[in-house]
Amino acid sequence: ILNVEQSPQSLHVQEGDSTNFTCSFPSSNFYALHWYRWETAKSPEALFVMTLNGDEKKKGRISATLNTKEGYSYLYIKGSQPEDSATYLCAFILFSWGKLQFGAGTQVVVTP
Amino acid sequence: DGGITQSPKYLFRKEGQNVTLSCEQNLNHDAMYWYRQDPGQGLRLIYYSQIVNDFQKGDIAEGYSVSREKKESFPLTVTSAQKNPTAFYLCASSMGQGETQYFGPGTRLLVL
């Protein structure tokens, strides 16, 4: 089992502030990185699937970048809103495995 | 209305009992997965299936069994050999292995 590290484990953000957090993964034999958002009492839902070094993806106020050479991805939330409160999971795939390895997640709490 | 359903929402297991968690999808996805979540940990893969009548062990398969007789269905049995079954179980599906996964609402298993 290869480790995916997410940091911080949790963070509190004031409404309107921007924030970002990290997903670190082994950089060799990289195939793809996924980001999911998991709101309380709901199912995890996909945000992004990223495959190329230097990839940048955006969905509304949420964006992500990918550096496969150094093995990290950042997720950014611009102008946080209470509805952004959720646990954000990243997961990566090694080409030879094809299975997602999930990190423990970053829990984001946005307070009004 | 396409999606993944899991039942029951809560399940209680007595000592020495086998219990089966249901997972059904109508997304016409080939691949299906079972994950377990424990507090403070990422999702861990129990079993996965890339196609009907085929399945593979994940990282923590001991004490669990699955079947994939139909494309839509991937039930998970928690056997009496699983000594620490209390956890939250998530089922997911995807078009193919490594692609975006779509999750069900989960089943929480508790031991009496």
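What you are looking at is a predicted structure, and each value in this text was computed from that prediction instead of being measured.

Let's talk about the pairing of strand E4 (residues 31-37) of chain B
All names here are of chain B.
Part 1: Counting buried residues in E4 gives 6 out of 7 residues, a clear majority hidden from the surface.
Part 2: Of the pairings in the sheet, the one linking E4 to strand E5 (residues 44-51) comprises 5 bridges and is antiparallel in character. Residue pairing for E5: Arg-36 is matched across the bridge by Arg-44.
Part 3: The antiparallel hairpin formed by E4 and E5 contains 6 residues in its connecting segment, where Gly-40 sits at a positive phi of about 75°.

Regarding the interface of chain A and chain B
As a measure of interface size, the accessible area lost when the parts come together is often cited.
Part 1: Contacts between the two partners involve 18 residues from chain A and, on the opposite side, 20 residues from chain B.
Part 2: Note on chain A versus chain B: buried area summed over both sides is about 1,500 Å², and carbon and sulfur give 61% of it.
Part 3: Contact with chain B buries area across many residues of chain A, yet A:Trp38, A:Lys99 and A:Phe102 alone supply 33% of it, more than any other trio.
Part 4: Where chain A meets chain B, there are 0 salt bridges.
Part 5: Across the chain A-chain B interface, the total number found is 4 residue pairs in polar contact (both at pLDDT 80 or more).
Part 6: Taken together, the elements giving at least two residues each to the side of chain A that touches chain B come down to strand E4 (30-38), strand E5 (45-50), strand E9 (86-94) and strand E10 (101-102) of chain A.
Part 7: Ranked by residue count, the leading element in the side of chain A that touches chain B is E4(A), at 3 residues.
Part 8: Each residue belonging to the side of chain A that touches chain B can be placed in one class, and the counts come to 12 nonpolar, 5 polar and 1 charged.

Overview of the sheet that holds strand E3 (residues 19-25) of chain B
Residues and elements named next belong to chain B.
Part 1: Read from one edge of the open sheet, 4 strands run E1-E3-E8-E7, paired in antiparallel fashion. Bordering the open sheet on either side are strand E1 (4-7) and strand E7 (64-66), each of which pairs with just one other strand. Sheet twist, expressed as the average angle between the axes of neighbouring strands with direction ignored, equals 20°.
Part 2: Pairing geometry for E1 and E3, over 4 bridges, is antiparallel. Across the sheet, Gln-6 pairs through a bridge with Cys-23, a residue of E3.

Calculation notes
- Residues numbered from 1 in each chain as written.
- Chains lettered and ligands numbered in written order.
- Predicted model: local features only at pLDDT ≥ 70, side-chain atom pairs only at ≥ 80, totals over all residues.
- Heavy atoms only, no water.
- Buried < 20%, exposed > 50% of the residue type's maximum accessible area, 1.4 Å probe, protein only.
- Helix = DSSP H or I, 4+ residues; strand = E, 2+ residues; numbered from the N terminus.
- Pairing = 2+ DSSP bridges.
- Contact = heavy atoms within 4.5 Å.
- Buried area = accessible area lost by both parts, 1.4 Å probe.
- Salt bridge = Lys/Arg side-chain N within 4 Å of Asp/Glu carboxyl O.
- Polar contact = N/O pair within 3.5 Å; in protein donor to acceptor, adjacent residues only side chain to side chain.
- Nonpolar A, V, L, I, M, F, W, Y, C, P; charged D, E, K, R; others polar.
- Axes fitted to C-alpha atoms, helices over the stretch in contact; angles between N-to-C directions.

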